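A structural walkthrough
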Amino acid sequence: MELSTRAIEEIVHPTAAFYRPPLGTPEDPETPNPAGFAAIKPSWEDSLLNPKNRIDSLDLPQNPLWRVDGCAGLGTQYYVVPLVFPQVPPMRMDVFVSDFQPPLIREQLELNKAFHTKDAARLPRLAIARHIVRILQIWTTSEFKDFEALENFYRSVPFGSRLVLEDMSLDTRRVRVKVGLNHNLEHKLLPLSRLTDLWGLGFPFPQVIEFFDLHVIRVLHDSVCLVRIHEELFIFKALTSGAKYLYHELKTLCTIEPHENIIVRPIHIVTKRCNFGTKKAVAGFTTFYHSKGTLRDVLPLLRAHDQLRRVDQLKWSIQLTKALDHLTRSGTYYPDLRLDNIVLSEKSDIVMVDFEQRGVWCEFAAPEVNAIEYIRMVATDECVPESISEKYRRMLEDLVPAFETLEDERYTNPEYGFNLPWIALSTIEQEAAEVYMLGRVLWCIFEGVSGPQRAAVWQSYRWEPEIEFPEYKRTPPELRSLIDKCTRGRRGTLNHVIIRRNSQLILTAKASDAQSADDVRDTAKRFWSVELEEAEKFLELRSSRRLTGEWNDNYYERPTLKQVLETLEAFQNENP
């Protein structure tokens, strides 16, 4: 089955348990041919031998006017930067491509690969990235009389506006570029005065600077740019959707007690005047740039060059555990623990980043967190039948009575953020869930790999892991026991039955040429039905025992963060 946004609802999310094909859906074209029947050859009209079905060229223009820095939205959103201005403000006017394209276009433009390829090293080599550069070259030269006109346009649109490619074609001249002005985001952005009302007159706001003082060097992520401000490099954090998470992170970083292994409080607040009215809104903030990158990329590279030292692995593990313990004692929680959110300082110490508190996907999350998250996803997904979603909404309301308020897009200054599963947990349960994620990260650190799963659906890595959690090859035996204790209660994940091979989703238990897309859907349906049933059982048990006072908040008997730290330091002392 090909990778596309359809696969999220039908395979990857627990909503797959309730998937029903739309009425009148034709037989799936991916169904294999019955034995004994030859494959049907495409007609000349659909054949790749027909010149009209081939891209005329993927060569970049001699002097390209745009650059593609990365990709998000599962292959539908591309970060583009104009190359013709001396200074480019971080407008985040990305290119959007519909995922619903004919098979011929999907294949020729490598849209399936773009679904899981996000990094700046590999993405620009894909056909879709080069196609976008060629389309924007034509659009720019035909729509603007000169580069000054383009710059005036670029600087005048609302922050987070879009370039939407319509009527996608292999012929770049036939593709229409439509500008989508993001007035909705500007409406949700708040001025500094409103944040002051919410957070108090004495709130320690950082220095305020103007949006157009920032100049883009590179777009690193869907929410992060590397920018230059007065000849210094900084990270600019901003969101083009979900502004409430930005404000929650800003508040958190400004109020938690500093720690040497946690990103420092923001350096600047960045404000931008909105196009309508006189509102000058907080569009983002800046922080230090750590050029060594994330552990996700550093670990496999060091291991490949035989430079991953035990002394560093222990140092990073201890630093990470201390930082988590500091956050717990500060009265907050950290649900985003994964290698992408751990960067290295110039001294090669770890620094935790990303405090939006949105959480991680199930490969890293604790089973008790997943149980509530699965309920939330089914309860709030519009594609799930109302009779089913209503049942799960009642369950969610029992866990977090104010969940509908927190699901609203507006920022309302909630004390504990917007992460429903973590808000539903007690502080002891939160620490146990953090210990679970820490165990997965410790496994990655000591195995020297980029993630706990091989061929993850969401993202491919430049250096894919050759083993999967909980296999061990390089981790010392004493630490294997610690990791196993940290991850007590772990359950099998979807990738045990369905994996990504290149850019296809396939079953692990059948030969690839003997399975159909319907086989994959049916397997996903059975998997998620079981997971939802187990989630309901766990939450019913938790609820009943909480009522009688018999519930153990550390249900899986994992070690505390303090106990993990003691074990790591003892091992470090015994192995200097």
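Now for a description of the structure that goes with this document. (Residues numbered from 1 in each chain as written. Predicted model: local features only at pLDDT ≥ 70, side-chain atom pairs only at ≥ 80, totals over all residues. Heavy atoms only, no water.)

Counting its secondary structure elements, the chain contains 18 helices and 15 strands. Relative to the globule expectation of 25 Å for 576 residues, the C-alpha radius of gyration of the chain, 25 Å, shows essentially globular dimensions. Per-residue burial for the chain yields a buried fraction of 54% across its 576 residues. Sequence separation of at least 24 residues holds for 69% of the intrachain contacts in the chain that already meet a minimum separation of 6. If you sum the accessible surface of the chain, you get close to 26700 Å²; carbon and sulfur atoms cover 51% of it. (Helix = DSSP H or I, 4+ residues; strand = E, 2+ residues; numbered from the N terminus. Rg over C-alpha atoms; globule rule 2.2 N^0.38 Å. Buried < 20%, exposed > 50% of the residue type's maximum accessible area, 1.4 Å probe, protein only. Contact = heavy atoms within 4.5 Å. Areas by Shrake-Rupley, 256 points an atom, 1.4 Å probe, with all protein chains shown as cover.)

Below, the discussion takes up the packing of helix H10 (residues 310-329) against helix H18 (residues 561-574). In contact at an axis separation of 10 Å, H10 and H18 are set at 160 degrees when each is read in the N-to-C sense. By the angle between their directions, the pair H10 and H18 is classed as roughly antiparallel. Two packed elements cross with a definite hand, and for H10 against H18 that hand is left-handed. In this structure, H10 uses Arg310, Leu314, Ser317, Ile318, Thr321, Lys322, Leu324, Asp325 and Thr328 to contact H18, whose residues at the interface are Leu561, Val564, Leu565, Leu568, Glu569, Phe571 and Gln572. Looking at side-chain class alone, the contact of H10 with H18 contains eight nonpolar, four polar and four charged residues. (Axes fitted to C-alpha atoms, helices over the stretch in contact; angles between N-to-C directions. Parallel < 35°, antiparallel > 145°, perpendicular 65-115°, else oblique. Left-handed = near helix turned anticlockwise from the far one by under 90°. Nonpolar A, V, L, I, M, F, W, Y, C, P; charged D, E, K, R; others polar.)

Looking now at the pattern of salt bridges. Enumeration according to the criterion identifies 42 salt bridges in this entry. The partner of Arg296 in a salt bridge is Asp340, and the shortest N-O contact between them spans 2.9 Å. In this pair, Arg296 is assigned in helix H9 (residues 295-304) and Asp340 in the loop between H10 and strand S12 (342-344), connecting sequence segments 44 residues apart. Ionic pairing is found between Lys315 and Asp349, a salt bridge with its closest N-O pair at 3.3 Å. Of the two residues, Lys315 sits in helix H10 while Asp349 sits in the loop between S12 and strand S13 (350-352), which places them 34 residues apart along the sequence. A single network of salt bridges, built from pairs that share partners, joins Arg6, Glu10, Asp518 and Arg521. (Salt bridge = Lys/Arg side-chain N within 4 Å of Asp/Glu carboxyl O.)

Before going further, it helps to spend a moment on the pairing of strand S7 (residues 215-221). Two elements, S7 and strand S8 (residues 224-229), share five bridges in a ladder whose sense is antiparallel. Along S8, the bridge assignment pairs Arg218 with Leu226. Hairpin connection between S7 and S8: a loop of two residues separates the two successive antiparallel strands. (Pairing = 2+ DSSP bridges.)

Right, let's get into the packing of aromatic side chains. Enumeration over the complete set of coordinates arrives at 28 aromatic pairs. Between Trp66 and Tyr154 the ring centres are 6.3 Å apart and the planes differ by 65 degrees, which places this aromatic pair in the edge-to-face class. Highlighted residues: Trp66 in strand S1 (residues 66-72) and Tyr154 in helix H5 (residues 147-156), separated in sequence by 88 residues. Assigned by exposure class, Trp66 and Tyr154 land together as buried. Aromatic rings pair up to connect Trp199, Phe203, Phe205, Tyr245, Tyr247, Tyr411 and Phe418 into one cluster. Against the face of Tyr79 rests Arg92, its NZ or CZ located 4.9 Å from the ring centre. (Phe/Tyr/Trp six-rings, centres within 6.5 Å; stacked < 30°, edge-to-face > 60°. Lys NZ or Arg CZ within 6 Å of the ring centre and 35° of its normal.)

Further remarks concern the side chain of His259. When you line up the elements, His259 lands in the loop between helix H8 (243-255) and strand S10 (268-273). A polar atom in the side chain of His259 sits 3.0 Å from the backbone nitrogen of Asn261. For His259, the residues in contact, after removing those within four places along its chain, are Lys322, Ala323 and His326. (Polar contact = N/O pair within 3.5 Å; in protein donor to acceptor, adjacent residues only side chain to side chain.)

Moving on, we get to H8. Residues that lie three or four places apart on an α-helix share one face, since the helix turns once every 3.6 residues. Taking 1.5 Å of rise per residue, the 13 residues of H8 would be expected to cover 18 Å, and the 19 Å separating its terminal C-alpha atoms lies within 8% of that figure. Along H8, 11 of the 13 residues are buried, which leaves the element largely enclosed by surrounding structure. At its buried positions, H8 is contacted by helix H6 (183-188), helix H7 (192-199), strand S9 (232-237), S10, strand S11 (280-287) and helix H13 (403-407). (Expected span 1.5 Å × (residues − 1).)

It is worth spelling out unusual backbone geometry at this point. Each neighbour pair has its own omega, and for Phe469 with Pro470 the value is 10 degrees, a cis peptide bond. Although it is not a glycine, Ser348 sits at a positive phi angle of roughly 65 degrees. Its place among the elements puts Ser348 in the loop between S12 and S13.

Bringing H7 into the picture now. Among the residues making up H7, those that are buried are Leu195, Thr196 and Trp199. Considered in projection along H7, the buried side chains sweep an arc of 105 degrees and stay on one side of the axis. The exposed residues of H7 that point more than 90 degrees off its buried face are Ser193 and Asp197. On its buried side, H7 packs onto H8 and S11. At the C-terminal side of H7, Gly200 shows a positive phi close to 105 degrees. (Arc of directions from axis to C-beta.)

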